[in-house]
Amino acid sequence: MYESVAEIYDGIYSKKNYELEVAQIFELLSTKPESILDIGCGTGGHAEFFATEVAYEGIDISGEMIAKANQKKIQNAEFFNVHLSKVENKNYDAVVSLFNVVNHIHSLDELLIFFHDVYKVSSPESEFIFDAWNGYASMIDPPKTEVRNIGDLKIEIMPRLDPLSQSVTMKYIVDTIDGVQWSDKLKMTLWTPKVICDCLKIVGYSVRIYKGFGKDNLEDASSSDYKILFHCTKEF
């Protein structure tokens, strides 16, 4: 999907408060990092705010997304079209993975491998922060169809829940002012917080979960919170 949506991606998320999300992440980190890796960086929406404070590297498996990010020419930021498993640096002070990247992982084995790979590219004192849909809350109160009018774009998002596979398929229909219509589907796996925490602990992380990411003050999350943020530190 993201190959076809790269051109309008920033428009779709133009109301997202990237600056606040980055500020909240810096508040959670126990010390200010010198380097940070952003996994699934997309078009680099968070990069300009990270890069004012720290050496930033963003990776994404979509070449089109990385091309858009590089066009922004953000100082102190580098972008690479590479899979996490191929990252050579093994000493990042902090790692982030935003835009619900873990919900794009569809098997338990792949989820464990992802967390293992994060662990391997980070320094001993490194912290790992990522957001996700709360699978439990999403199953109890599934996402609803919505229409967003953003500038010249009309975006209709139609979710279809599959309880047996604990997943939701999001169908996007985008109309532009020029009359061009684009549509695609995106499958999201609804991992429960317990499954995510169990995997992180197997890898060697201790975890705290928050709500309020990108909206207000961060507080401890509850089972009913739809969007949650995981703050992970390595156990020694």
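Residues numbered from 1 in each chain as written. Predicted model: local features only at pLDDT ≥ 70, side-chain atom pairs only at ≥ 80, totals over all residues. Heavy atoms only, no water.

Peer 1: Before we go on, may I ask you to explain the overall build of the chain in this structure?
Peer 2: Counting its secondary structure elements, the chain contains 8 helices and 12 strands. Scored against the burial criterion, the 236 residues of the chain give a buried share of 48%. A separation threshold of at least 6 residues defines the contact pool for the chain, and within that pool the share at least 24 residues apart is 63%. Taking the 23 positively charged and 36 negatively charged side chains of the chain as two groups, their mean positions are separated by 5 Å. (Helix = DSSP H or I, 4+ residues; strand = E, 2+ residues; numbered from the N terminus. Buried < 20%, exposed > 50% of the residue type's maximum accessible area, 1.4 Å probe, protein only. Contact = heavy atoms within 4.5 Å. Lys, Arg positive; Asp, Glu negative; His and termini not counted. Charge placed at Lys NZ, Arg CZ, Asp CG, Glu CD.)

Peer 1: What am I meant to see in helix α8 (residues 193–203) here?
Peer 2: Because each turn of an α-helix spans 3.6 residues, side chains separated by three or four positions end up pointing in the same direction. Those residues of α8 lying buried are Pro193, Ile196, Cys197, Cys199, Leu200 and Val203. Considered in projection along α8, the buried side chains sweep an arc of 160° and stay on one side of the axis. Opposite its buried face, α8 presents the exposed residues Lys194, Lys201 and Ile202, each directed more than 90 degrees away. Looking at the packing, one finds that the buried side of α8 touches α6 (108–120), β5 (122–133), α7 (135–140), β10 (205–211) and β12 (227–234). Positive phi shows up at Gly204, right after α8, with a value of about 125°. (Arc of directions from axis to C-beta.)

Peer 1: Looking at this structure, how should I read the sheet that holds strand β7 (residues 153–162)?
Peer 2: Strand pairing in a sheet relies on backbone hydrogen bonds. The paired strands run either parallel or antiparallel. Read across the sheet, 4 strands follow the order β6-β7-β8-β9 without closing on themselves; strand pairing throughout is antiparallel. The sheet terminates laterally at β6 (146–150) and β9 (181–189), the two strands that pair on one side only. Mean inter-strand twist for the sheet, computed between neighbouring axes without regard to direction, equals 20°. Alignment of strand β8 (residues 167–176) against β9, held across 9 bridges, turns out to be antiparallel. Note that in β9 the partner of Ile173 across the bridge is Ser183. (Pairing = 2+ DSSP bridges. Axes fitted to C-alpha atoms, helices over the stretch in contact; angles between N-to-C directions.)

Peer 1: Sorry, what's going on with the pairing of β5 here?
Peer 2: Within a regular strand, the side chains alternate between the two sheet faces. Within β5, 10 of the 12 residues are buried, leaving the element largely enclosed by the surrounding structure. Bridge count between strand β4 (residues 92–97) and β5: 5 bridges; the pairing is parallel. Bridge assignment links Ser97 to a residue of β5, and that residue is Phe130. For the handedness criterion, the β-α-β arrangement of β4, α6 and β5 is classed as right-handed. One ladder, built from 7 bridges, connects β5 with β12; its direction is antiparallel. From the neighbouring strand, Phe130 faces β12, where its bridge partner is Phe230. (Right-handed = clockwise from strand over helix to strand, strands pointing away.)

Peer 1: Honestly, the sheet that holds strand β1 (residues 35–39) in this entry has me stumped. Any pointers?
Peer 2: The mixed open sheet is built from 8 strands, whose spatial order is β3-β2-β1-β4-β5-β12-β10-β11. In this open sheet, the two edge strands, each paired with only one partner strand, are β3 (77–80) and β11 (219–220). Contacting β2 (55–59) and β3, helix α5 (residues 63–71) crosses the sheet at an angle of about 160° to β3. Relative to the sheet, α6 contacts β1, β4, β5, β10 and β12, its axis offset from that of β5 by approximately 145°.

Peer 1: When you look at the nonpolar core in this model, what are you seeing that I'm missing?
Peer 2: As a rule of thumb, soluble globular proteins bury nonpolar side chains together. Among the nonpolar cores identified, the biggest contains 29 residues, and Phe114, Phe115 and Phe128 are the most heavily contacted of them. Contributions of two or more residues to this core are made by β1, β4, α6, β5, α8 and β12. Cys41, Phe79, Val96 and Ile129 belong to the second-largest nonpolar core, a separate cluster that totals 23 residues. (Core = buried A, V, L, I, M, F, W, Y, C linked by side-chain atoms within 4.5 Å.)

Peer 1: How should I be thinking about the environment of Glu48 in this particular structure?
Peer 2: Structurally, Glu48 can be placed in helix α4 (residues 47–50). Overall, Glu48 belongs to the partly exposed group, its relative accessible area being 43%. Separated by 23 residues in the primary sequence, Glu48 and Ile25 have C-alpha atoms spaced 14 Å apart.

Peer 1: Explain the side chain of Gln24 to me, please; I cannot follow it from the model alone.
Peer 2: Positionally, Gln24 belongs in helix α3 (residues 18–28). Gln24 gets classed as buried once you look at its relative accessible area, which sits at 3%. The residues touching Gln24, leaving out its near neighbours within four places in the chain, are Gly212, Phe213, Gly214, Lys215, Asp216 and Leu218.

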